Amino acid sequence: MRRLNRRKTLSLVKELDAFPKVPESYVETSASGGTVSLIAFTTMALLTIMEFSVYQDTWMKYEYEVDKDFSSKLRINIDITVAMKCQYVGADVLDLAETMVASADGLVYEPAIFDLSPQQREWQRMLQLIQSRLQEEHSLQDVIFKSAFKSASTALPPREDDSSQPPDACRIRGHLYVNKVAGNFHITVGKAIPHPRGHAHLAALVNHDSYNFSHRIDHLSFGELVPGIINPLDGTEKIALDHNQMFQYFITVVPTKLHTYKISADTHQFAVTERERVINHAAGSHGVSGIFMKYDLSSLMVTVTEEHMPFWQFFVRLCGIVGGIFSTTGMLHGIGKFIVEIIYCRFRLGAYKPVNSVPFEDGHTDNHVPLLENNTH
């Protein structure tokens, strides 16, 4: 009884077979079929390799939402060299309402040489080249995001030569924490002192002819410091053509959450517009000589996430490639074979031309080919 049930089950399963086997004695092979099969297998191999490279690659997904965090502090990372001695310049931050002056305790003033060494100049040239490419190819920013913490440091390398030249500049570097409102970070003549109505700088003790706000921005960023990320002003160098020259940078800061397979950081991207002019009160160009960076925060927050193709999607795409090529090549081979057979049949039919007809008495004609007679006797 059990054997009978097993046979019925096996016969039922065989009837459900969607892949019936054809005996080899009924299979006919041809040179054209072999050629098409070779082309199909080669195409499948190439597309499979390309699909696997796509599966290994990752891409950046951008999502936008309203930034609801207004209570935390904003970190400003600074590394700027000014072509004036440290005792003549001062740096601080003033917010939009002028109610808070950020203390410059987090900044370090180091005497430096403004002219770069050959190795440092090469570093700056490469950084400026990358900046120009980033302005043309915005997709390169995704590559920088994915290579964060893996690429070389973007900090200014130390001098490789032991120059005996006395320091003629001041390198201001460090970080500040400010409120998340619009503000103004500036470097101008004299040290900053507190004032009931805001703040002031002791500029009266500095000789006017010593003003020189030529500067180089080795690094400027907002938020968490992420090595390997290149910011828009990194590598910027400006040369002052006049003692009374003002350099202005208008910066729009966008909060950014970066999530990749290597890091997860809360940083900020920013866009900048530059302007410079000579202070001449007689000509109506008023202001204060110095370097002014006016920043404003965007109300939108960007979340950048590195994504990868899931394995099931890769498997489905791979099956589609294999099945699609099999079906398409088989269909094309069948259509081509059908067309060739039609042309060949017409060619064969055209080879048999009818002979001269023999008329009968009743008006019909005989189109049959007469048999050859044996003329031998």
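Here is a short report on the structure shown in this document. (Residues numbered from 1 in each chain as written. Predicted model: local features only at pLDDT ≥ 70, side-chain atom pairs only at ≥ 80, totals over all residues. Heavy atoms only, no water.)

Moving on to the overall build of the protein chain. When you go through the protein chain residue by residue, the secondary structure sums to five helices and 17 strands. Considering the protein chain as a whole, with its 377 residues, one finds that 33% of them fall into the buried category. Total accessible area on the protein chain is roughly 25,000 Å²; 60% of this is exposed by carbon and sulfur atoms. (Helix = DSSP H or I, 4+ residues; strand = E, 2+ residues; numbered from the N terminus. Buried < 20%, exposed > 50% of the residue type's maximum accessible area, 1.4 Å probe, protein only. Areas by Shrake-Rupley, 256 points an atom, 1.4 Å probe, with all protein chains shown as cover.)

Here we take up the packing of aromatic side chains. Considering all chains together, one arrives at 10 aromatic pairs under this definition. Centre to centre, the rings of phenylalanine 41 and phenylalanine 326 are 6.0 Å apart; their planes meet at 85 degrees, and the pair counts as edge-to-face. Taken together, the residues span a long stretch of sequence, with phenylalanine 41 in helix α2 (residues 31–56) and phenylalanine 326 in helix α5 (residues 311–351) at a distance of 285 residues. Here phenylalanine 41 falls in the partly exposed class, since its relative accessible area comes to 47%. Residue classification places phenylalanine 326 among the partly exposed residues on the basis of a relative accessible area of 45%. For the ring pair tyrosine 55 and phenylalanine 311, a centre distance of 6.4 Å and an interplane angle of 75 degrees mean the geometry is edge-to-face. Of this pair, tyrosine 55 sits in helix α2 while phenylalanine 311 sits in helix α5, and the two are 256 residues apart along the sequence. Relative accessible area serves as the criterion here: at 19%, tyrosine 55 is assigned to the buried category. (Phe/Tyr/Trp six-rings, centres within 6.5 Å; stacked < 30°, edge-to-face > 60°.)

Attention now moves to a nonpolar patch on the surface. Side chains of Met331, Ile335, Phe338, Ile339, Ile342 and Ile343 sit close together on the surface and give an oily, nonpolar patch of about 590 Å² of accessible area. With respect to the helices, strands and loops of the structure, isoleucine 339 is situated in helix α5. (Patch = residues over 30% accessible without salt bridge, like charges linked within 9 Å, V, L, I, M, F, W, Y side chains within 5 Å. Salt bridge = Lys/Arg side-chain N within 4 Å of Asp/Glu carboxyl O.)

Along its 26 residues, α2 runs 38 Å from first to last C-alpha, staying within 8% of the 38 Å computed at 1.5 Å per residue. Taken together, the buried positions of α2 are occupied by Gly33, Ala40, Met44, Glu51 and Tyr55. (Expected span 1.5 Å × (residues − 1).)

For the structure shown, the criterion picks out 11 salt bridges. The shortest N-O distance in the salt bridge between glutamate 63 and lysine 61 comes to 3.4 Å. Classification of glutamate 63 by relative accessible area gives partly exposed; the value is 37%. For lysine 61, a relative accessible area of 35% corresponds to the partly exposed category. Across the pair arginine 216 and glutamate 237 runs a salt bridge, and its minimum N-O distance is 4.0 Å. With a gap of 21 residues between them, arginine 216 in strand β10 (residues 215–223) and glutamate 237 in strand β11 (residues 236–238) connect regions that are remote in the sequence. The class of arginine 216 is buried, set by a relative accessible area of 2%.

Here we come to the nonpolar core. Phe185, Ile187, Ile251, Met293 and Tyr295 are the most contacted members of the largest nonpolar core, which has 35 residues in total. If one sorts the elements of this core by residue count, strand β2 (residues 73–82) sits on top with five residues. Not counting residues within four places of it along the chain, the set of residues in contact with isoleucine 187 comprises Ile80, Val82, Val89, Gly90, Ala91, Ile172, Phe213, Gly290 and Ile291. Grouped together as the second largest cluster of nonpolar side chains are 16 residues, Leu134, Ile144, Ile263 and Val302 included. (Core = buried A, V, L, I, M, F, W, Y, C linked by side-chain atoms within 4.5 Å. Contact = heavy atoms within 4.5 Å.)

Covalently bonding the sulfur atom of one cysteine to the sulfur atom of another cysteine gives a disulfide. Per the stated rule, a full pass over the model turns up one disulfide. Covalently, cysteine 86 is tied to cysteine 170 through a disulfide, its sulfur atoms 2.3 Å apart. Between cysteine 86 and cysteine 170, the disulfide has an S-S torsion of 105 degrees and is therefore right-handed. Separated by 84 residues along the polypeptide, cysteine 86 in the loop between β2 and β3 (89–95) and cysteine 170 in strand β6 (residues 169–179) bring together distant segments of the chain. (Disulfide = S-S within 2.5 Å.)

Moving on, we come to the pairing of β3. The buried fraction of β3 amounts to seven of the seven residues, a majority that puts the element mostly inside the structure. Burial along β3 is two-sided: the residues Val89, Ala91, Val93 and Asp95 and Gly90, Asp92 and Leu94 are all buried. For β3 and strand β7 (residues 183–189), the ladder comprises seven bridges, and the chain directions are antiparallel. When the bridges of β7 are listed, aspartate 95 appears paired with glycine 183. (Pairing = 2+ DSSP bridges.)

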